[in-house]
Amino acid sequence: MKKNVKQALVPLAIMVFGAAAAFATNASKQSEKAPMDAYHYDISKPLGERCVKVRVDCQNTGSVICTYSGKQVWASPTEDNNALTCSSVLYRF
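These lines cover the structure that appears in this document, whether it is placed above or below.

Conventions and cut-offs
- Residues numbered from 1 in each chain as written.
- Predicted model: local features only at pLDDT ≥ 70, side-chain atom pairs only at ≥ 80, totals over all residues.
- Heavy atoms only, no water.
- Helix = DSSP H or I, 4+ residues; strand = E, 2+ residues; numbered from the N terminus.
- Buried < 20%, exposed > 50% of the residue type's maximum accessible area, 1.4 Å probe, protein only.
- Contact = heavy atoms within 4.5 Å.
- Areas by Shrake-Rupley, 256 points an atom, 1.4 Å probe, with all protein chains shown as cover.
- Pairing = 2+ DSSP bridges.
- Core = buried A, V, L, I, M, F, W, Y, C linked by side-chain atoms within 4.5 Å.
- Salt bridge = Lys/Arg side-chain N within 4 Å of Asp/Glu carboxyl O.
- Lys, Arg positive; Asp, Glu negative; His and termini not counted.

Things to note about the overall build of the protein chain
When its secondary structure is counted, the protein chain shows 1 helix and 7 strands. Counting from the amino terminus, helix and strand elements in the protein chain follow one another as α-β-β-β-β-β-β-β. Taken over 93 residues, the protein chain has a buried fraction of 18%. Here the analysis covers contacts within the protein chain between residues at least 6 apart in sequence; of these, 50% occur between residues at least 24 apart. Accessible surface computed for the protein chain: about 6,800 Å², of which carbon and sulfur atoms make up 58%.

Next comes the structure, spelled out in structure tokens:
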């Protein structure tokens, strides 16, 4: 009798751990896609204020450049006024 209970609980425990792992993995993937602060370059602003903060769904790696309202966005508000950019390119998910 005792052996039958153990044999029945082992598959149940494996299913519970599997479901918990699936939920944890999904939550981790969702948090990576959370909106982040980014900056677009606005030449009409005064020097030192040209990198304007926006919230976007982007990431630091990838191949397609991230944009906001048709303007490229950057990860850092550090201005490069010669290149008319902020710094650190962001990419789409």
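Past the structure itself, the notes keep going.
Some remarks on the pairing of strand 6 (residues 85–89)
Where strand 5 (residues 71–80) meets strand 6, 3 bridges bridge the pair, whose relative direction is antiparallel. Considered in strand 6, the bridge of S76 is made with S87.

A closer look at the nonpolar core
Among the nonpolar cores identified, the biggest contains 7 residues, and these are A38, V54, V56, C58, C66, V73 and L90. When residues no more than four places from it in sequence are discounted, the contact partners of C66 are V56, D57, C58, K71, Q72, V73, L90, Y91 and R92. Within the second largest apolar cluster, 5 residues are counted, among which are Y39, Y41, C51 and W74.

Regarding the environment of K33
With respect to the helices, strands and loops of the structure, K33 is situated in the loop between helix 1 (2–32) and strand 1 (36–41). When neighbours within four sequence positions are excluded, K33 is seen to be in contact with D57 and F93.

Quick look at the pattern of salt bridges
As enumerated under the stated definition, the model contains 2 salt bridges in all. In this structure, D37 engages K53 in a salt bridge whose closest nitrogen and oxygen atoms are separated by 3.8 Å. Within this pair, whereas D37 is found in strand 1, its partner K53 is found in strand 2 (residues 51–56), the two being separated by 16 residues in sequence. The class for D37 is partly exposed, based on a relative accessible area of 31%. A salt bridge links D37 to R55; the nearest nitrogen and oxygen atoms lie 2.9 Å apart. Of this pair, D37 sits in strand 1 while R55 sits in strand 2, placing them 18 residues apart in sequence.

Thoughts on the side chain of R50
Mapped onto the elements, R50 comes out in the loop between strand 1 and strand 2. Within the buried set, R50 has no salt-bridge partner at all; the shortest N-O distance to an opposite charge, 5.2 Å, is to E79.

Structural notes on unusual backbone geometry
Keep in mind that most residues, glycine aside, have a negative phi and that most peptide bonds are trans. One non-glycine residue, L84, adopts positive backbone phi at about 60 degrees. Among the secondary structure elements, L84 is positioned in the loop between strand 5 and strand 6. One non-glycine residue, S88, lies in positive phi territory at about 70 degrees. Tracing the sequence through the fold places S88 in strand 6.

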